[in-house]
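Residue strings, one per chain:
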Amino acid sequence: MQRKGLIRVSIMLFVLTFIHITVYADAGQISDDTQECLDCHAIYHPGIVQDWKKSRHAVTTPKTAGKAKALSRRISSERIPGNLKNNIVGCAECHSLKARDHADTFEHNGHEIHVVVSPNDCAVCHSVEQEQFSMNIMSMAEKNLTENSLYQDLQKNILGTARLGKNHLEFMPADDLNRADACYHCHGTRLQVKGFKERETDVGELTFPIIDGWPNQGVGRVNTDGSRGTCSACHSRHQFSIETARKPYTCKQCHSGPDVPAFKVYSASKHGNIFNSQGQKWNYSSVPWEIGKDFKAPTCAVCHISLTINSDGEVINERTHQMSNRLGMRIFGLIYAHPQPKSPDTTIIRNTIGLPLPTDLDGKPSADYLISFEQVEIRREAMQKTCLACHSNSWVKNYFKRLDGNIAASNDAIRTATQQMQTIWHKGYARGLSNKGSIFDEYIERRWSDAWLLYANSIRFSSAMAGGGDYGVFENGRYHLSKTLMELQDWLDTREQLNK
Ligand code: HEC
Ligand code: HEC
Ligand code: HEC
Ligand code: HEC
Ligand code: HEC
Ligand code: HEC
Ligand code: HEC
Ligand code: HEC
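Residues numbered from 1 in each chain as written. Chains lettered and ligands numbered in written order. Predicted model: local features only at pLDDT ≥ 70, side-chain atom pairs only at ≥ 80, totals over all residues. Heavy atoms only, no water.

What to know about helix 10 (residues 149–159)
So, step 1. Turning to helix 10, its buried residues are Leu-150, Tyr-151, Asp-153, Leu-154, Gln-155 and Asn-157.
So, step 2. In this fold, the buried residues of helix 10 make contact with helix 9 (141–146), strand 4 (169–172), helix 11 (176–181), helix 12 (183–187) and helix 20 (443–464).
So, step 3. Between the side-chain oxygen at the start of helix 10 and the backbone nitrogen of Leu-150 there is a gap of 3.1 Å, and the oxygen is on Asn-148. (Buried < 20%, exposed > 50% of the residue type's maximum accessible area, 1.4 Å probe, protein only. Helix = DSSP H or I, 4+ residues; strand = E, 2+ residues; numbered from the N terminus. Contact = heavy atoms within 4.5 Å. Polar contact = N/O pair within 3.5 Å; in protein donor to acceptor, adjacent residues only side chain to side chain.)

Some details on the site of ligand 7
So, step 1. Around ligand 7, a shell composed of 25 residues is seen, among which Cys-300, Cys-303, His-304, Ile-331 and Met-465 lie nearest.
So, step 2. Contact between ligand 7 and Met-329: an oxygen atom at 3.2 Å from a main-chain N or O atom of the residue.
So, step 3. Arg-380 is positioned such that a nitrogen or oxygen atom in its side chain is 2.9 Å from an oxygen atom of ligand 7.
So, step 4. For the shell around ligand 7, the secondary structure elements donating two or more residues are helix 15 (262–268), helix 17 (300–304), strand 10 (329–330), helix 18 (373–387), helix 19 (393–426) and helix 20. (Near = heavy atom within 4 Å.)

Section: the packing of aromatic side chains
So, step 1. The final tally for this structure, using the stated rule, is 15 aromatic pairs.
So, step 2. The positively charged end of Arg-179 is found above the aromatic ring belonging to Tyr-184, 4.7 Å away from the centroid.
So, step 3. Lys-247 extends its terminal NZ or CZ atom over the ring of Tyr-284, reaching a point 4.6 Å from the ring centre. (Phe/Tyr/Trp six-rings, centres within 6.5 Å; stacked < 30°, edge-to-face > 60°. Lys NZ or Arg CZ within 6 Å of the ring centre and 35° of its normal.)

Some details on the site of ligand 1
So, step 1. Around ligand 1 lies a shell of 19 residues, among which Cys-37, Cys-40, His-41, His-108 and Asn-109 are the nearest.
So, step 2. For ligand 1, a nitrogen atom lies 2.7 Å from a polar atom in the side chain of His-41.
So, step 3. One of the side-chain nitrogen or oxygen atoms of Arg-199 is found 3.2 Å away from an oxygen atom of ligand 1.
So, step 4. Going through the elements one at a time, helix 2 (32–44), helix 6 (91–95), strand 2 (111–113), strand 5 (192–201) and strand 6 (204–212) are the ones with two or more residues in the shell around ligand 1.
So, step 5. Per-element tally for the shell around ligand 1: the top contributor is helix 2, with 5 residues.

Brief notes about the coordination of the iron atom of ligand 5
So, step 1. If you check the protein contacts of the iron atom of ligand 5, you find one donor only, His-187 (NE2), at 2.2 Å.
So, step 2. Following the sequence through the fold, His-187 ends up in helix 12. (Donors = N, O, S within 2.8 Å, 3.2 Å for Na, K, Ca; no water.)

Structural notes on a negative patch on the surface
So, step 1. Together, Asp-32, Asp-33, Glu-36 and Asp-39 make up a negatively charged patch on the protein surface.
So, step 2. Considering the arrangement of structural elements, one finds Glu-36 in helix 2.
So, step 3. Taking relative accessible area as the criterion, Glu-36 reaches 43% and is therefore assigned partly exposed. (Patch = residues over 30% accessible without salt bridge, like charges linked within 9 Å, V, L, I, M, F, W, Y side chains within 5 Å. Areas by Shrake-Rupley, 256 points an atom, 1.4 Å probe, with all protein chains shown as cover. Salt bridge = Lys/Arg side-chain N within 4 Å of Asp/Glu carboxyl O. Lys, Arg positive; Asp, Glu negative; His and termini not counted. Charge placed at Lys NZ, Arg CZ, Asp CG, Glu CD.)

What to know about the pattern of salt bridges
So, step 1. This model, assessed by the stated rule, comprises 12 salt bridges.
So, step 2. Its salt-bridge partner being Arg-228, residue Glu-142 comes within 3.5 Å of it at the nearest N-O pair. One end of the pair, Glu-142, is in helix 9; the other, Arg-228, is in the loop between strand 6 and helix 13 (242–246), with 86 residues separating them in the sequence.
So, step 3. The exposure class assigned to Arg-228 is partly exposed, which follows from its relative accessible area of 25%.
So, step 4. Between Asp-412 and Arg-415 there is a salt bridge, and its shortest N-O distance comes to 2.6 Å. Of this pair, Asp-412 and Arg-415 both sit in helix 19, 3 residues apart, which is roughly one turn of that helix.
So, step 5. Of the residues examined, Asp-412 reaches a relative accessible area of 41% and is grouped as partly exposed.
So, step 6. Under the relative-accessibility criterion, Arg-415 is labelled partly exposed at 26%.
So, step 7. Among the ionic contacts, a cluster of salt bridges with common partners joins Glu-142, Arg-190 and Arg-228.

Considering unusual backbone geometry
So, step 1. Note the cis peptide between Trp-214 and Pro-215, where omega equals 0 degrees.
So, step 2. Within the secondary structure layout, Pro-215 lies in the loop between strand 6 and helix 13.
So, step 3. Positive phi values are uncommon outside glycine, yet Lys-436 reaches one of about 55 degrees.
So, step 4. Here Lys-436 lies in the loop between helix 19 and helix 20.

Looking at the pairing of strand 4
So, step 1. Here strand 3 (residues 161–164) pairs with strand 4 via 4 bridges, running antiparallel. Its bridge partner being in strand 4, Ala-162 is matched across the sheet by Phe-171.
So, step 2. Here strand 3 folds back onto strand 4, and the loop between the two strands holds 4 residues. (Pairing = 2+ DSSP bridges.)

Thoughts on the sheet that holds strand 8 (residues 308–309)
Strand pairing in a sheet takes place through backbone hydrogen bonds and is either antiparallel or parallel in direction.
So, step 1. Read across the open sheet, the 3 strands follow the order 7-8-9; overall the sheet is mixed. Strands with a single pairing partner mark the edges of an open sheet, and in this sheet they are strand 7 (289–290) and strand 9 (315–317).
So, step 2. Alignment of strand 8 against strand 9, held across 2 bridges, turns out to be antiparallel. Its bridge partner being in strand 9, Ile-309 is matched across the sheet by Val-315.

Next comes the structure, spelled out in structure tokens:
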């Protein structure tokens, strides 16, 4: 009996010590502020809390994360303030950073918090990613669209409400709600705090900010602290999982339309096929990412963003959140393919006749604002480092040679289409810039923009993303491009005859 009692007591003591240690460890890691958020939000927003619990943020302190070896470190800031360093990254850590910078900061159950967690907030622990992303054209996507008069005109004639004018259709500018629902879903909205409002909740009356343009996860969103861009465009809250970012579905959200068919082309490519048929068995969470072992064919991230190593642990390519440092040509026609812009802010670009376009109407690049052809080669070599881990040198060289042939041929076709369109404007069959008209508000002008915005782009994307096949020919490719040139000519000839 006595012995049994003793054993029971020692077991209890052991259990108590164990509980004490675990409770103590947890108490040291979750801040009191976050514990309060969790107590309430686990009831009201189990979706958010459970999602966060699965994240690395919920189990790792910046201090522990900082101890990892260079290539496997998942935080990049050198100095992280003491109060943040020793706690796991919880609700309060993110939602109350830099409170004064945020126009949406409000008092919430005894805490000063903001709703919109911006790249500048993430930068407290991930400064390198934020700096690089601020040099990525994506972080400027809202500005590049709203502050370019030609693109605004294009936007108006796509989104605007159509009315019947005297002899023609007139497009009124779209309202904010429709803009946010359309172009700015991807390009990002401008968030504006319009005041604060009290509302009845399960815990009584609470005050919340009224934020125009929200919710939105567009890549170039202007945030409530004035910063540009959204990390959650690719790092969905609240898991912020690297696995999600590395899979092509993340990019599909914005890169799949007929103007930018990257995802469709990729899915139809050999790379996409291997991803689709074998990708379930790959390892998407290891950092750094080993080519051959962790995965066998590239996803979008592998070619454009990822840090990759070989089996000796040597770096094949550095990670980049800037992305243009692996891109030579801009294959997205504006209206021709051209060398990448020097600055992610494309609103500064002017062509020789003063239009905010990176090329002249005959295709000549606006060289002052674009990288040189030597730079194009250097940046492409950066991309090719990754290809060469799985392909031979001649495979890759010939592949890029073919892409260049494709760029030259598709640009040529657009030159012809633009000459046809210029004749149409010149002869007064459509109102163009010279008679103060819009170049996007008549049917024949839309056919011209189909040629460069849809078909020439599809042809180039199919080549660049190794999809070839249908997207370069029958599915919005060469078949449609040549047909459009015929249609422009036929339209012009008919007008000429009617004029006679
Ligand atoms: C006393 C309970 C309670 C505490 C503590 C609490 N919240 Fe909340 N929180 C709520 C409720 C209730 C809502 C509103 C739910 C709804 O939309 O009706 C809310 C809403 C929010 C929102 C959304 C605001 C909006 O504009 O819709 C955020 C963000 C938020 N809380 C973050 C936090 C953070 C971060 C903490 C800890 C620092 C925290 N909360 C602590 C109860 C709480
Ligand atoms: C266009 C999509 C995209 C956007 C936007 C983006 N990221 Fe990433 N991010 C990725 C991808 C893809 C990876 C995986 C990189 C790899 O495999 O090496 C990644 C990786 C990371 C990692 C993991 C690094 C590591 O060592 O494990 C961090 C941290 C990160 N991003 C932070 C950010 C921050 C902060 C922002 C906003 C300033 C941001 N990202 C914006 C796509 C994006
Ligand atoms: C790593 C930083 C980070 C952490 C940790 C974090 N959040 Fe968030 N939270 C964000 C980001 C980013 C958004 C997206 C807001 C935006 O930018 O539009 C967000 C959005 C929200 C929203 C509004 C989203 C919606 O769908 O209505 C709520 C509510 C919220 N967080 C609550 C919480 C709670 C509760 C926790 C703790 C369990 C938490 N957050 C932890 C970064 C964080
Ligand atoms: C207070 C510091 C801190 C802040 C603020 C912060 N993070 Fe993190 N982040 C971390 C830590 C710590 C980890 C985990 C590192 C590890 O596991 O080694 C991490 C990991 C990550 C990862 C890698 C996840 C994975 O699955 O590998 C991504 C992506 C990421 N954070 C994105 C963000 C984004 C986006 C924001 C802003 C919305 C943000 N973080 C804000 C500290 C922070
Ligand atoms: C589904 C997402 C999405 C929507 C919606 C969208 N875009 Fe875009 N936009 C993109 C992507 C992706 C690119 C970059 C393509 C590339 O570089 O290959 C882009 C680039 C652009 C550019 C080039 C800007 C520059 O100077 O770099 C213009 C102009 C543009 N879009 C106009 C529009 C207009 C006008 C609308 C609405 C009628 C719109 N977009 C709607 C995804 C979108
Ligand atoms: C929320 C929408 C969105 C998501 C998600 C997104 N992008 Fe983009 N991306 C854009 C827009 C919009 C632009 C064009 C911005 C401009 O031209 O001003 C762009 C531009 C680009 C460019 C052109 C860069 C350059 O310098 O020419 C590349 C490459 C790109 N994205 C790759 C990716 C990859 C890879 C992913 C997934 C990991 C991704 N994007 C996810 C919207 C998005
Ligand atoms: C096999 C590597 C590879 C894969 C996989 C890949 N890309 Fe690309 N991507 C390229 C190359 C090469 C270019 C053209 C670069 C050049 O001309 O210098 C390119 C160009 C682009 C551009 C055009 C940038 C511009 O404005 O000119 C976008 C956008 C893009 N890729 C997005 C994606 C998306 C989204 C995915 C996944 C669905 C993806 N890529 C998959 C290699 C790849
Ligand atoms: C992680 C390995 C890996 C990387 C990185 C990679 N590829 Fe591939 N690629 C493959 C595999 C595997 C195949 C399928 C080969 C086969 O079908 O026999 C393939 C096929 C191709 C094809 C053949 C398409 C077809 O349908 O005939 C081309 C072209 C190609 N890759 C170009 C590139 C280029 C260019 C890059 C870099 C921008 C690149 N690849 C990067 C693994 C890779």
